Amino acid sequence: MPPRSRKRVVGGPKAVKKKARSSDNAFFEPEPKRSRRGGGLDDDIESLESDEEMSEQDSEDEEEETAGEKRIRVAREHLNKVRAIAMRVHEDEGEEEEGDEGRYEREGKRDSLVAELLQKEQLEGSGRLQRVIATRVLRPEPDDKFRMLVKHHLSVTAVALAEGDSKGFSASKDGVIMHWDVETGKSEKYLWPSEDVLLSHQAKPPQNSAKKRSKNVLALAISSDGRLLASGGLDRHIHLWDTRTRGHVKAFHGHRGPVSCLTFREGTPQLFSGSFDRTIKLWNAEDKTHMDNLFGHQSDILAIDCLRRERLLTVGRDRTMRLWKVPEESQLVFRAPASSLECCCFINDSEFLSGSDDGSIELWSLKRKKPTHLIKNAHAPSLLNYSHSYEENGTTTCNGGDIDNGCKKKESHSSAHSWISSVAVCRGSDLAASGAANGVVRLWSIQSESSGIRPLYDSSLVFFKLMFSLKYLITLSFHNELSFFLQQFLFTALFFYLLGSLSRLIHANIDMQAGFVNSLVFAKSARFLVAGVGQEPRLGRWGRVSSARNGVAIHPIKLKDEHLSIA
């Protein structure tokens, strides 16, 4: 017999009491008396169910925690993680001491390491911690050159590195997305699903049904946990991929133009996308939902970047760079002096770097609407030899052109070749890099606001080192005190040295340095730099270098001992 409903039980006793007065039959007695006399099976089941419901309600009340309790719980979990990391570091050091004193000393060291890690995370999150890396960069050896890591059929448009710097991703104009290992270079290809699968993943069909969907990829972004990879391109969609299975997960639609740039907010699943339709869209990659739209640019959006805070940096073809404060729904507009900005990236929450199509690099600050420092002809060959600054409308400007009798002379090289196509900053440090259309990558040291930025080195330094070695060997071979056989031996060694060095130099210049540097990314450890190069620029086909190779190149960076500074 099914149990009685709760409503009948609650309202039953009063009605039953009235009938019990007119009859002494035990069947019409009130419910409490029947339960005292033993009751029936239905009442026992009903009472058990009511007890279970009450216990469920009590458990639900217990599960509901306040905001303060949640913060305490999250803080304790994070503290346990940091303690585990500190314990692993202490075990790796291999310090073992016996007795209570040794145990107390180990616990004290571990607690101090935990406090140091927590303070470091807090300072990194607030942008006050800066790693001094630029002054520790050592000059490259002759063998420290760009080497091709992954080959692509067409020009590479974007590269990205996972959080641990062990895995990387690259995309090209033919729609190929590669997942590769940094150490071995072993790569795996992502396979695009069929059109039916894309439609089932919420993708919109092409506007022209007679044409196939374009798979040209222009942008990549990897989430902080390394589980999701986002790609965008000419099909006006943002595609989410699972990096563990290399399978397609979701397609976001909404943009009316090609998706030109993507970025994840650090430590969150928030994904920002910029498009040629002049809009910026905010997505939640974990919930796979659209969250917000940002309007303001008057032309195509070309580059985008974001750190931990809900602040967004974008540049567009309207010659403006905008800093978006997402929670406040406001934006700051920075206008380029005379050229169109092409790329940008955050240095910290208050400083950022940009590159222009006229070959200049600009250093910006929140305190000013104009660049605090501007370097013209940033990729000029003579910039490493002559770095003269002058004042121009309150902006410190460096000219990379030649110097003739103390006067600045404009560089004669083509402006198209000095087009700054990409910039990158090693997160939380003073080391930056820029790539130009002539295939040269240059490292920069970001100094204080009064000092600006200073060039470190590029590929030309290797050639100067080679010439110094040749000069030394020639001088040694013509020494009068050397015997004839030793001179012949030195001449033979010099010939083979020259032949091998020139072959390496020519091979590096043609295969690695020539072409368009369309994307740059630093390893978080600053131990290497990854560049995406191609025969054509990322967002067009206005130039072509037939001798260049399409692929991903990696350059090692040698550093001295690490040192931290707090701003």
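Look up: the structure comes first, before these words.
Residues numbered from 1 in each chain as written. Predicted model: local features only at pLDDT ≥ 70, side-chain atom pairs only at ≥ 80, totals over all residues. Heavy atoms only, no water.

Here we take up the pairing of strand β18 (residues 330–335). Pairing between strand β17 (residues 320–325) and β18: 6 bridges, direction antiparallel. Within the sheet, the bridge partner assigned to K325 lies in β18 and is S330. In this structure, the hairpin formed by β17 and β18 is closed by a connection of 4 residues, where E329 is found at a positive phi of approximately 55 degrees. (Pairing = 2+ DSSP bridges. Helix = DSSP H or I, 4+ residues; strand = E, 2+ residues; numbered from the N terminus.)

Attention now goes to the environment of V545. Among the structural elements, V545 can be located in the loop between β32 (528–534) and β33 (551–556). For V545, a relative accessible area of 23% puts it in the partly exposed group. Considered as a pair, V545 and N438 are 107 residues apart in the sequence and their alpha carbons are 9.2 Å apart. (Buried < 20%, exposed > 50% of the residue type's maximum accessible area, 1.4 Å probe, protein only.)

Right, let's get into the sheet that holds strand β5 (residues 177–181). Taken in spatial order, the 4 strands of this open sheet run β3-β4-β5-β6, and their pairing is antiparallel. A strand with exactly one partner marks an edge of an open sheet, and here the two such strands are β3 (156–161) and β6 (187–189). Averaged over all neighbouring strand pairs, the angle between strand axes comes to 20 degrees, with direction disregarded. Pairing analysis gives 5 bridges linking strand β4 (residues 167–172) to β5, with the strands arranged antiparallel. Directly across from A171, in β5, lies its bridge partner I177. (Axes fitted to C-alpha atoms, helices over the stretch in contact; angles between N-to-C directions.)

Right, let's talk about the pattern of salt bridges for a bit. Between side chains of opposite charge, a pair can form when the charged atoms approach closely. Enumeration according to the criterion identifies 15 salt bridges in this entry. Of the charged contacts, one joins E266 and R308 as a salt bridge, the two residues approaching to 4.0 Å between their closest N and O atoms. Note that E266 is positioned in the loop between β11 (259–264) and β12 (270–275) and R308 in the loop between β15 (301–306) and β16 (311–316), a separation of 42 residues in sequence. Using a relative accessible area of 26% as the deciding quantity, one classes E266 as partly exposed. Look at R308 and you get partly exposed, because its relative accessible area is 43%. Across the pair E536 and R544 runs a salt bridge whose closest N-O atoms are separated by 3.1 Å. Look at E536 and you get buried, because its relative accessible area is 8%. Among the residues examined, R544 registers a relative accessible area of 52% and is labelled exposed. (Salt bridge = Lys/Arg side-chain N within 4 Å of Asp/Glu carboxyl O.)

Before going further, it helps to examine the packing of aromatic side chains. Scanning all chains against the criterion turns up 8 aromatic pairs. When the ring of W192 is compared with that of W241, the centres are 5.0 Å apart and the planes differ by 90 degrees; the resulting orientation is edge-to-face. Highlighted residues: W192 in the loop between β6 and α6 (195–200) and W241 in strand β9 (residues 238–242), separated in sequence by 49 residues. For the pair formed by W192 and W241, the shared burial category is buried. The interplanar angle of 10 degrees and the centroid separation of 4.7 Å between the aromatic rings of F252 and W283 together place this pair among those described as stacked. You can see F252 sitting in strand β10 (residues 247–252) and its partner W283 sitting in strand β13 (residues 279–284), a full 31 residues away along the chain. Take W283: its relative accessible area is 2%, and that puts it in the buried class. Clustering of aromatic rings is evident, with ring pairs tying together F334, F346, F352 and W364. (Phe/Tyr/Trp six-rings, centres within 6.5 Å; stacked < 30°, edge-to-face > 60°.)

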